[in-house]
Amino acid sequence: MDTELTTLCYIEKDGKYLMLHRNKKKNDPNHDLWLGIGGHFEEGESPEECVLREVKEESGLMLTDFALRGVITFSDNDWYEYMFLFSADDFEGEITECDEGELVWVEKEKVLSELPIWEGDKIFLGLMAEGEPFFSLKLRYENRVLKKAILNNKDLI
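**Observations regarding the pairing of strand β9 (residues 145–151)**
So, step 1. Across six bridges, the pairing between strand β8 (residues 135–142) and β9 is antiparallel. Note that in β9 the partner of L137 across the bridge is L151.
So, step 2. Between the end of β8 and the start of β9, which pair antiparallel, lie two residues, with N143 showing a positive phi angle near 50 degrees.
So, step 3. In this sheet, strand β10 (residues 154–155) lies alongside β9 in antiparallel orientation, the contact comprising two bridges. Within β10, the position partnered with L151 by the bridge is K154.
So, step 4. Hairpin connection of β9 to β10: two residues between the antiparallel strands, including N152 at a positive phi of 50 degrees.

Following this line, the structure appears as structure tokens:
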């Protein structure tokens, strides 16, 4: 069984999220999808250390105000991922080029309605928009199709 530990951060500014259009890496399971900023843990990192490093590496920005919003458990066949979801609304620095894709500020409502994103992302982005303080969400996919969603141990789908 493959298990991954990751972070993902939605950086907010002026009613927009900084989104990464994943269009540069070969063999990317997220190819042509839009995501927040994040990535895999390095050995010994805490979730906060990981998100700070990943945001700096992928965007050039240094987060100065951020919060852990939830823990997302993903599964798809024999693959598992535990993702620590953050939001941030204050940062320093200038956006740099990302080797994984194009960074674009996108109006929050357009993220859900116009961009190709994972089905499960729509659930946790909705929870964040509703001001849910902290949540645990389990998303079970089968061949990239969302089959089950469990929020705080209660079935959604």
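**Considering the nonpolar core**
Looking at soluble globular proteins, one finds that nonpolar side chains tend to be buried together.
So, step 1. By size, the foremost hydrophobic cluster in this structure holds 28 residues, and its most contacted members are Y10, I72, L85, F124, F135 and L139.
So, step 2. No other element matches the five residues that helix α3 (residues 119–129) contributes to this core.
So, step 3. L20, C50, V51 and F84 belong to the second-largest nonpolar core, a separate cluster that totals 17 residues.

**Remarks on the side chain of T7**
So, step 1. The residue T7 is located in strand β1 (residues 2–13) in this model.
So, step 2. Excluding residues that lie within four positions of it along the chain, T7 makes contacts with I37, G38, G39, F41, P47, C50, V51, E54, M83, F84 and F86.

**Some thoughts on the layout of surface pockets**
So, step 1. By volume, the largest pocket is sized at about 670 Å³.
So, step 2. Around the largest pocket, the lining is made up of 30 residues, and of these P29, N30, L35, W79 and E81 lie nearest the centre.
So, step 3. Of all elements in the fold, only β1, β4 (37–40), α1 (47–59), β5 (62–76), β6 (79–92) and α3 reach the threshold of two or more residues within the lining of the largest pocket.
So, step 4. The element contributing the most residues to the lining of the largest pocket is β1, with four residues.
So, step 5. When its residues are assigned to classes, the lining of the largest pocket shows ten nonpolar, eight polar and twelve charged.

**So, the pattern of salt bridges**
So, step 1. Applying the stated rule across the entire model yields eleven salt bridges.
So, step 2. K24 is the salt-bridge partner of E97, the closest N and O atoms lying 3.4 Å from each other. Remark: K24 occurs in the loop between β2 (16–21) and β3 (34–35) and E97 occurs in the loop between β6 and β7 (102–107); sequence separation between them is 73 residues.
So, step 3. Look at K24 and you get partly exposed, because its relative accessible area is 41%.
So, step 4. As a salt-bridge pair, E42 and R53 come within 3.5 Å of each other at their nearest N and O atoms. Of this pair, E42 sits in the loop between β4 and α1 while R53 sits in helix α1, and the two are eleven residues apart along the sequence.
So, step 5. On the basis of relative accessible area, R53 is assigned to the buried category, the value being 14%.
So, step 6. Linked by salt bridges that have partners in common, E42, E45, R53, E54 and E57 make up one network.

Here is what the cut-offs are and how they apply
- Residues numbered from 1 in each chain as written.
- Predicted model: local features only at pLDDT ≥ 70, side-chain atom pairs only at ≥ 80, totals over all residues.
- Heavy atoms only, no water.
- Pairing = 2+ DSSP bridges.
- Helix = DSSP H or I, 4+ residues; strand = E, 2+ residues; numbered from the N terminus.
- Core = buried A, V, L, I, M, F, W, Y, C linked by side-chain atoms within 4.5 Å.
- Buried < 20%, exposed > 50% of the residue type's maximum accessible area, 1.4 Å probe, protein only.
- Contact = heavy atoms within 4.5 Å.
- 1 Å grid on protein atoms, 1.4 Å probe; cavity = no way out; pocket = protein on both sides within 12 Å on 5 of 7 lines; lining within 4 Å.
- Points joined across faces, edges and corners; volume = space filled by probe spheres on them.
- Nonpolar A, V, L, I, M, F, W, Y, C, P; charged D, E, K, R; others polar.
- Salt bridge = Lys/Arg side-chain N within 4 Å of Asp/Glu carboxyl O.

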